[in-house]
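Residues per chain, in single letters:
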Amino acid sequence: MNVHLRSRSRLKTLGLSAVCFLLLGVAGAQYAFSQLKLAGSDSQAIILGGAEYASQSALEGVVNITRQDPYVRVEGLGHELVFPIDLDNARAATNYNSVQLDSSRVKARSATLVGGTLYLPLDTLARGLGAQYHTGEFVIPPSTLTNVSSRAGKDTDRVVIDLSRAVPYTEQISGNSLIVTIKGVNANTRIYATQGSFIPKFQVTGQNGNAVIKLPLGAGAGYRVFKVIRPGSVRLVIDIGPGLPRSVPVLADLPRAPLIVLDPMPAGGSNDVTLDVARSTAELLSKAGWQVKLTRQAAASIPAAQREDLARRSQVFITLSVGRFPGGNRQGITLYQPVGDASAQIVNSYREAGSDPLVSAAVGSGGETKRLSQLLLGELGSRGLKSATQQVTRMYPSGEAPHAAFELELGWPQSATDQAALSSPEQTTKVSEALALSVASFLKARATNLTGVE
Amino acid sequence: MLRFLRIIFTPMNIIGLLLLLAASYAKQFVSQPPPQPPAPRLQLEEVQPQKMVIYFSDKDVTSYVKETRNVNVEGQTPGKLAQAATATWVKGPQQANALRVVPAGSVTPQVWLRGQHYIVNLPGSYAKLNYGLSGEHMIICSLTRTLLERSGQDVSFLVGGKNVPTLLGHLNISRAYTKADCPD
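Residues numbered from 1 in each chain as written. Chains lettered and ligands numbered in written order. Predicted model: local features only at pLDDT ≥ 70, side-chain atom pairs only at ≥ 80, totals over all residues.

Novice: Provide a residue-level description of the overall build of chain B, including the pertinent values.
Specialist: When helices and strands are counted, chain B shows four helices and five strands. Per-residue burial for chain B yields a buried fraction of 32% across its 184 residues. Across chain B, every contact between residues at least 6 apart in sequence was considered, and the portion connecting residues at least 24 apart equals 63%. (Helix = DSSP H or I, 4+ residues; strand = E, 2+ residues; numbered from the N terminus. Buried ≥ 20, exposed ≤ 12 C-beta atoms within 10 Å, placed from the backbone. Contact = placed C-beta atoms within 7 Å.)

Novice: Can you break down the overall build of chain A residue by residue, with the values?
Specialist: Scanning chain A from N- to C-terminus turns up 12 helices and 27 strands. Pairs at least 24 residues apart make up 64% of the contacts formed inside chain A by residues separated by at least 6 positions.

Novice: Lay out the confidence of the model for chain A in plain terms, naming residues and giving numbers.
Specialist: The share of residues in chain A with pLDDT of 70 or more is 89%, and the mean pLDDT across the chain is 85. Low pLDDT (under 50) marks residues 20-28 of chain A, which in the prediction has zero contacts with non-local residues, meaning those over four places away or in another chain. (pLDDT = per-residue confidence, 0-100.)

Novice: Lay out the environment of Thr88(B) in plain terms, naming residues and giving numbers.
Specialist: Residue and element names in this part refer to chain B. Note on placement: threonine 88 falls in helix H3 (residues 78-91). Classification of threonine 88 as buried rests on a count of 21 C-beta atoms within 10 Å. Taking C-alpha positions, threonine 88 is 10.0 Å from threonine 146, a pair spaced 58 residues apart along the chain. The contacts of threonine 88, once residues within four sequence positions are left out, are Met52, Ile54, Arg69 and Val71.

Novice: Report on the pairing of strand S2 (residues 64-74) of chain B, specifying residues and quantitative values.
Specialist: Residues and elements named next belong to chain B. In this sheet, S2 lies alongside strand S1 (residues 47-57) in antiparallel orientation, the contact comprising 11 bridges. Across the sheet, serine 57 pairs through a bridge with tyrosine 64, a residue of S2. Taking the residues between adjacent antiparallel strands as the criterion, S1 and S2 are bridged by six residues, where valine 61 takes a positive phi near 55°. (Pairing = 2+ DSSP bridges.)

Novice: Describe the sheet that holds strand S16 (residues 177-182) of chain A, with residues and values.
Specialist: Residue and element names in this part refer to chain A. Spatially, the five strands line up as an open sheet ordered S15-S16-S19-S18-S17, and their pairing is antiparallel. Looking at the sheet topology across the chains shown, the edges are occupied by strand S15 (169-174) and strand S17 (190-193). Looking at each pair of strands side by side, their axes are set apart by 20° on average, direction ignored. The pairing of strand S18 (residues 201-207) with strand S19 (residues 210-216) spans five bridges and is antiparallel. By the bridge assignment for S19, glutamine 203 is matched with lysine 214. (Axes fitted to C-alpha atoms, helices over the stretch in contact; angles between N-to-C directions.)

Novice: Please provide a residue-by-residue account of the sheet that holds strand S4 (residues 117-122) of chain B, values included.
Specialist: All names here are of chain B. The three strands are arranged S3-S4-S5 in an open sheet whose pairing can be described as mixed. In the strand order of this sheet, the two ends are held by strand S3 (110-114) and strand S5 (154-159), each with one partner. Going from strand to strand, the sheet's axes swing by 20° on average, the running direction of each strand aside. One ladder, built from six bridges, connects S4 with S5; its direction is parallel. Within S5, the position partnered with asparagine 121 by the bridge is leucine 158. The strands that H3 touches are S3 and S4; relative to S3, the one it contacts most, it runs at about 150°. Relative to S5, helix H4 (residues 133-148) is tilted by about 135°, and along the sheet it contacts S3, S4 and S5.

Novice: Run through the interface of chain B and chain A, naming residues and quoting values.
Specialist: Across the contact, 22 residues belong to chain B and 23 residues belong to chain A. Here the side of chain B that touches chain A is composed, by residue class, of eight nonpolar, 11 polar and three charged. (Nonpolar A, V, L, I, M, F, W, Y, C, P; charged D, E, K, R; others polar.)

Novice: Account for H3(B), with residues named and values stated.
Specialist: Residues separated by three or four positions in an α-helix point in the same direction, a consequence of the helix having 3.6 residues per turn. Residue and element names in this part refer to chain B. Compared with an ideal rise of 1.5 Å per residue, which puts 14 residues at 20 Å, H3 spans 20 Å between its outermost C-alpha atoms and is within 8% of the ideal. Where H3 is buried, its residues contact S1, S2, S3, S4 and H4. Once H3 finishes, glycine 92 follows within two positions and takes phi at roughly 105°, a positive value. (Expected span 1.5 Å × (residues − 1).)

Novice: Describe the nonpolar core, and please don't skip the residues or the numbers.
Specialist: Within the largest apolar cluster, 87 residues are counted, with the highest numbers of intra-cluster contacts made by Val316(A), Leu410(A), Val439(A), Ile140(B) and Leu167(B). If you tally residues by element for this core, the top one is helix H12 (residues 425-451) of chain A, at nine residues. Among the nonpolar cores identified, the runner-up in size contains 57 residues, and Leu81(A), Tyr169(A), Val180(A) and Ile182(A) belong to it. (Core = buried A, V, L, I, M, F, W, Y, C linked by C-beta atoms within 7 Å.)

Novice: Let's hear about the environment of Tyr177(B): which residues, and what values?
Specialist: Within the fold, Tyr177(B) resides in the segment after S5. For the pair Tyr177(B) and Leu148(B), spaced 29 residues apart in sequence, the C-alpha to C-alpha distance is 9.9 Å.

Novice: Go over the pairing of S4(B) with me, naming the residues and quoting the values.
Specialist: All names here are of chain B. Judged by which residues are buried, S4 turns out to be one-sided: Tyr118, Val120 and Leu122 face inward and are buried, whereas His117, Ile119 and Asn121, on the alternate face, are not. For S3 and S4, the ladder comprises five bridges, and the chain directions are antiparallel. Residue pairing for S4: tryptophan 112 is matched across the bridge by isoleucine 119.

Novice: Break down helix H11 (residues 416-423) of chain A for me, with residues and values.
Specialist: Residue and element names in this part refer to chain A. Within H11 the residues assigned to the buried category are Asp418, Ala421 and Leu422. All buried residues of H11 project into a common sector of 100° when viewed along the axis, lining one side. Relative to its buried face, H11 has exposed residues pointing more than 90 degrees away, namely Ala416 and Ala420. (Arc of directions from axis to C-beta.)

Novice: If you had to explain unusual backbone geometry to someone new, which residues and values would you point to?
Specialist: All names here are of chain A. With an omega dihedral of 10°, the bond running from aspartate 69 to proline 70 counts as a cis peptide bond. Along the polypeptide, proline 70 turns up in the loop between strand S4 (64-68) and strand S5 (71-76). For the bond from tyrosine 396 to proline 397, the omega torsion is -5°, close enough to zero to count as cis. One can find proline 397 in the loop between strand S26 (387-393) and strand S27 (404-409).

Novice: Can you break down the packing of H3(B) against H4(B) residue by residue, with the values?
Specialist: Residues and elements named next belong to chain B. Two numbers describe how H3 lies on H4: the axes approach to 10 Å, and their chain directions differ by 145°. Considering how the two elements wind past one another, H3 and H4 form a crossing that is right-handed. Contact residues: H3 offers Ala82, Ala85, Thr86 and Trp89, while H4 offers Ser142, Leu143, Thr146 and Leu147. Residue composition of the contact of H3 with H4, by class: five nonpolar, three polar and no charged. (Left-handed = near helix turned anticlockwise from the far one by under 90°.)

Novice: Outline the confidence of the model for chain B, supporting the account with residue identities and numerical values.
Specialist: Residue and element names in this part refer to chain B. On average, residues of chain B score 92 in pLDDT, and 100% of them reach the 70 mark or higher. Put simply, helix H1 (residues 2-8) is where chain B has its lowest mean pLDDT, 84, and S5 is where it has its highest, 97. Interface confidence in the predicted complex, given as ipTM, is 0.76; pTM for the same model is 0.62.

The structure is reproduced here in structure tokens:
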């Protein structure tokens, strides 16, 4: 009987102990939910040890979180933070943990797991990211341009843009300019003068909520753009000068050194009028400093591959020919403009790609041929030479040329009037001058448009 | 001797001999070449006049002159109609306001039709024609329009049986031509 009572009492003690342990466990893991305004949107936080914690999923719209147990890496607003993941909730909410905030290591609350979900302390996050935080609200301050300064150097000049916090930026070469766009920063339009010889002045403008900084990039000058993260602010540093390697795309320099290709087709007969005009035009252009190539120098026929290759490398490609057709009753100069898709698919793809300055430098639009044609027709007209235009699909090798390209038919030798004109040196000079002047005017205007430099 | 014959001509030996002879005959029978079938009788297709629209050049070599011609064609297949139309195109126009596109006596290009696609093999002599851009355009486009007048989707050109980028140096013929490439 005594034995039976003793075992019952033991069972009671065991039951009570289990309930006590269970209650203690529940008390230890207890947390409360709270409403949180996170970067302007409603969210939910939990309170652990008197501090607010937000879950990984709630924070992911604001920062990038990468879990690398037993640490978690948080990147955003130009900062990089590393939190240890402390599995003890109570200990994580104390200041006994070492947390890495950019380059400094501080004692602060750390990350923890609640029910398998990662939670991060909002006060430590705000401290590391430069955000404003008070209980129930986590605010990301707008980035503002706080200061612009410059420094002249021996072989580089420096422009420093101070921002209240880090924001993304892009850099782009457009002709002779370096354009740095700082996203999400308002700026007043202003031109800054410096004492440097490589960046004598630069412009800051506000465009669609972004700050755009346009700096001159002289020939032979290189550049670098980098940011320096400091406590409470970020500096964007731009160095320009010959002391830096020039890593500018070749395409950006192309408009200033264009290749003009003249393509004289065999004219037949004793008078090679197309070659005469091509040589005369090339001479005029070369004297003016332009780079000119002819697809043939003698009466020999032109290899197709060579013509195509030169067409692909050209900024201006002009085929010179004479018209012939048995029984044809036609005379005069005709300018044939290519229409429709180019035969080179890569040219079509670039034309569809948009109007980025580098794309335009690589492949021009059909408008280039139109502009050069109009200039040439004007020059021919001013010399008393009447000319007609005709649009033709699938022209060769103009369809391979990425920029202005057309064929100029100098006349029809089977017409007595044209035969006389084609044999006349005066006519050759007039056509050559018209060609050279129109090409030079066109390329000069094109270089100005693409590089922004006269 | 009788004993010897009795030993040789046993029933089994006679049956074996008969089987051997039967097998030999069977082998000879199956080894015979099949009988030559009779040659098919030559049946000429009926030659009938067909109305065809042939494209030539105008005097300025800028636009087409269309001629509707009655062409005698043997058979009705699209391939034969296309070849006949090409031969008529080579022969030249009958109207005074139209110009022949290739010189008189030129070789007629060969034409094949595969599905909706014509393939034209221009003779090598065509690549030696001393034409300007208008002339080359007229050769390619008048023939394209002539062939696509009845049916077909596009026309591919070979020169002397080869794929070449251009015929006379002014037009790209590396891809097939459609009606859209040769507008009026």
